Amino acid sequence: MQKVFSSRRDFLRTAGLGIAYTMVPQFLTCSKSIRKEKLPNIIIIFCDDLGYGDLGIYGHPTIKTPNLDRMALEGQKWTNFYVAASVCTPSRAGILTGRLPIRSGMCSSKRRVLFPDSAGGLPESEITLAEVLKTKGYKTACIGKWHLGHLPRYLPTKNGFDYYFGIPYSNDMDDVSKLPWKQKFWNPKTEYWNVPLMQNEKVIERPAEQTSLTKRYTDETIKFIKNNKNNPFFIYLAHTMPHVPLFASKNFQNRSLRGLYGDVVEEIDWNVGRILRTLNDLKLSSNTLVIFTSDNGPWWLTYKELGGSAGLLRGGKGSTWEGGMREPAIFWWPGHIKKGTITDIGSTMDIFTTICKLTGAKIPDDRIIDGVDLRPVLFGTGPSPRKTIFYYRGTKLYAVRKGSYKAHFFTEPGYGKNRKVKKHNPPLLFNLEQDPSERFDISKEHPEIIADILETVKKHKAKLVIGENQLEKIIKK
Ligand code: MG
């Protein structure tokens, strides 16, 4: 029978007790084997607005990313890996809870992300990956952009993280410059945005000095690794970059042929290299899973060359075309992961379930978890259990991928003042394996595939309980 937990505290208490009971006899009888089966450390590096085509290993001709390229060659490079939403807040709710943001109320069609005047945040009843890993004794850190609620009750330290260092929302918020858009973003200065930098629950710098954020986040990550090298640790490193306004530190400015955007990505790459080197130096690499991906597609639709590239994919940030939601994704764990390029389907929500399975942590069973276990693919023992992707824009389902086919019920440009929603009946249908750029509608040739996808939608909607909307709550003045 399914046990229903009234809150995440109940879940965590029960999960924790379960561990206490099961661990004691093991310690008494087979302490050697426990020592052998050390829990793996986990590092998730989550970029902001990095596109599918922005890394060397994903085909970018002028951005140099030798560290990420090597990481991919030593591990797995996924080519059909998706996020839970095409903008920041819902995408982050998805990766940390393993659930579609519609279930937690962390998406909205009116206010697509949280803002400094938002009163909502990730509900207390949601269970984050950090909270689940705490039940297994992990030390946990959130370093970087949070964007799941900036009020004290929603901060990372209230969501399972022992340590927090970063900015609570996007780096283009708290705009105090009053300068024209073009001038502000094309020649950015850190003082134009009064964004706070926080440590745990305190603001330690305001405005956050943005040119050094990528390096300082990495310094904090390395410090946390070194301080916890004898415990299992989980670090969620959510880079502020390459979200506009773009900032690179002095050593990286004017370095890339791709301009400022390239400078910023090359700095991220160099700092990924520092983290992997630290793991190697401390002899932790064979016991640490590192995952690199991004929260949504590139913002070129609005910011032109200041936004990244979705490569051969259509659209970008904000849209439910592939460019908005398919991301580069690299899994690295030397000696464990079967090297190669993976064309199976995966999602950031699967990271939650996969890590629970890897660590033996209890997966919440009182709610729908959308993540699936990707271990068969990571270890080369079988295909991905994921066959379906739901593309929500705000609270509305715009498209569904099933196998190689994707049906669009609605399309809409990611951004733009005069954009219009287009309804498609019959839905547009693309074969993403043969037509990754979504150019050739084959709906007329395949009514049976559309019927099958509609059946999948019906089943999905029948079980869907929509969470109380968190993004439309505004602080009363
Ligand atoms: Mg983003």
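Residues numbered from 1 in each chain as written. Predicted model: local features only at pLDDT ≥ 70, side-chain atom pairs only at ≥ 80, totals over all residues. Heavy atoms only, no water.

**Observations regarding the coordination of the magnesium ion**
Turning to step 1, where the next piece is worked out: Looking at the magnesium ion, one finds its protein donor set to be D48 (OD), D49 (OD), C88 (SG), D295 (OD), D295 (OD) and N296 (OD1), positioned 2.1 to 2.7 Å from the metal centre.
Turning to step 2, where the next piece is worked out: Relative to the metal, the six donor atoms surrounding the magnesium ion lie at angles of 52 to 158°, and the coordination shape comes out irregular.
Turning to step 3, where the next piece is worked out: One chain supplies every donor to the magnesium ion, and in sequence these donors are spaced D-D-x38-C-x206-D-N. Within this pair, whereas D49 is found in the loop between strand 1 (41–47) and helix 3 (66–74), its partner D295 is found in the loop between strand 8 (288–294) and helix 10 (300–303), the two being separated by 246 residues in sequence.
Turning to step 4, where the next piece is worked out: For D49, a relative accessible area of 2% gives the class buried.
Turning to step 5, where the next piece is worked out: Given a relative accessible area of 0%, D295 falls into the buried group. (Donors = N, O, S within 2.8 Å, 3.2 Å for Na, K, Ca; no water. Tetrahedral: all angles 85-135°; square planar, octahedral: opposite > 155°, others 65-115°. Helix = DSSP H or I, 4+ residues; strand = E, 2+ residues; numbered from the N terminus. Buried < 20%, exposed > 50% of the residue type's maximum accessible area, 1.4 Å probe, protein only.)

**Let's talk about the domain arrangement of the protein chain**
Turning to step 1, where the next piece is worked out: Annotation of the protein chain at the domain level lists domain 1 (8–386) and domain 2 (390–462).
Turning to step 2, where the next piece is worked out: Tallying the contact residues gives 25 residues for domain 1 and 25 residues for domain 2.
Turning to step 3, where the next piece is worked out: In total, about 2,100 Å² of surface goes out of reach between domain 1 and domain 2, with carbon and sulfur atoms giving 56% of it.
Turning to step 4, where the next piece is worked out: Contact with domain 2 buries area across many residues of domain 1, yet R112, T320 and W321 alone supply 27% of it, more than any other trio.
Turning to step 5, where the next piece is worked out: In this assembly, domain 1 and domain 2 are joined by one salt bridge.
Turning to step 6, where the next piece is worked out: Notably, a salt bridge pairs K406 with E322, separated by 2.8 Å at the nearest N-O pair.
Turning to step 7, where the next piece is worked out: For the side of domain 1 that touches domain 2, the secondary structure elements donating two or more residues are strand 2 (76–82), helix 5 (101–104), helix 10 and helix 11 (322–325).
Turning to step 8, where the next piece is worked out: By residue class, the composition of the side of domain 1 that touches domain 2 is 12 nonpolar, seven polar and six charged. (Domains from an automatic or database assignment. Contact = heavy atoms within 4.5 Å. Buried area = accessible area lost by both parts, 1.4 Å probe. Salt bridge = Lys/Arg side-chain N within 4 Å of Asp/Glu carboxyl O. Nonpolar A, V, L, I, M, F, W, Y, C, P; charged D, E, K, R; others polar.)

**Overview of the pattern of salt bridges**
Turning to step 1, where the next piece is worked out: The tally for this structure, following the rule as stated, stands at 28 salt bridges.
Turning to step 2, where the next piece is worked out: Residue K134 is joined to D162 by a salt bridge in which the shortest nitrogen-to-oxygen separation is 2.9 Å. In this pair, K134 sits in helix 6 (residues 129–134) while D162 sits in the loop between strand 3 (139–144) and strand 4 (163–166), placing the two residues 28 residues apart along the sequence.
Turning to step 3, where the next piece is worked out: Of the residues examined, D162 reaches a relative accessible area of 38% and is grouped as partly exposed.
Turning to step 4, where the next piece is worked out: Taken together, the salt bridges that share partners define one network made up of D48, R92, K145 and D295.

**Examining the side chain of N171**
Turning to step 1, where the next piece is worked out: Position of N171 among the secondary structure elements: in the loop between strand 4 and helix 7 (181–186).
Turning to step 2, where the next piece is worked out: Classification of N171 as buried rests on a relative accessible area of 0%.
Turning to step 3, where the next piece is worked out: For N171, the side chain forms a polar contact with the side chain of Q210, separated by 3.1 Å.
Turning to step 4, where the next piece is worked out: A polar side-chain atom of N171 sits 2.9 Å from a polar atom in the side chain of H243.
Turning to step 5, where the next piece is worked out: In contact with N171, other than residues within four places in its own chain, are W193, V195, Q210, T240, M241, H243, V244 and P245. (Polar contact = N/O pair within 3.5 Å; in protein donor to acceptor, adjacent residues only side chain to side chain.)

**Some thoughts on the environment of G144**
Turning to step 1, where the next piece is worked out: Relative to the elements of secondary structure, G144 occurs in strand 3.
Turning to step 2, where the next piece is worked out: Placed 54 residues apart in sequence, G144 and M198 show a C-alpha to C-alpha distance of 9.4 Å.

**Some remarks on the pairing of strand 3**
Sheet faces and side chains relate simply in a regular strand, where the side chains alternate between the two faces.
Turning to step 1, where the next piece is worked out: Of all six residues in strand 3, five are buried, a share of seventy percent or more.
Turning to step 2, where the next piece is worked out: The pairing of strand 3 with strand 7 (residues 233–238) spans six bridges and is classified as parallel. Note that in strand 7 the partner of I143 across the bridge is L237.
Turning to step 3, where the next piece is worked out: The sheet contact formed by strand 3 and strand 4 spans three bridges and is parallel. When the bridges of strand 4 are listed, I143 appears paired with F165. (Pairing = 2+ DSSP bridges.)

**Brief notes about the nonpolar core**
Turning to step 1, where the next piece is worked out: Counting 54 residues, the largest nonpolar core has I43, M71, I235, L279 and F292 as the members making the most contacts within it.
Turning to step 2, where the next piece is worked out: Considering every element that reaches this core, the biggest residue donor is helix 9 (residues 260–281), with eight residues.
Turning to step 3, where the next piece is worked out: Once you skip the residues sitting within four places of it in the chain, I235 turns out to touch I42, I43, I44, A141, I143, T221, F224 and I225.
Turning to step 4, where the next piece is worked out: Grouped together as the second largest cluster of nonpolar side chains are 45 residues, L96, L155, A361 and L471 included. (Core = buried A, V, L, I, M, F, W, Y, C linked by side-chain atoms within 4.5 Å.)

**Digging into the sheet that holds strand 15 (residues 422–431)**
Turning to step 1, where the next piece is worked out: The strand order 12-13-14-15 describes an open sheet built from four strands, whose pairing is antiparallel. Strands at the two margins of the open sheet, each flanked by one partner only, are strand 12 (388–393) and strand 15. Within this sheet the neighbouring strands show an average axis-to-axis angle of 20°, counted without direction.
Turning to step 2, where the next piece is worked out: Pairing between strand 13 (residues 396–402) and strand 14 (residues 405–411): four bridges, direction antiparallel. (Axes fitted to C-alpha atoms, helices over the stretch in contact; angles between N-to-C directions.)

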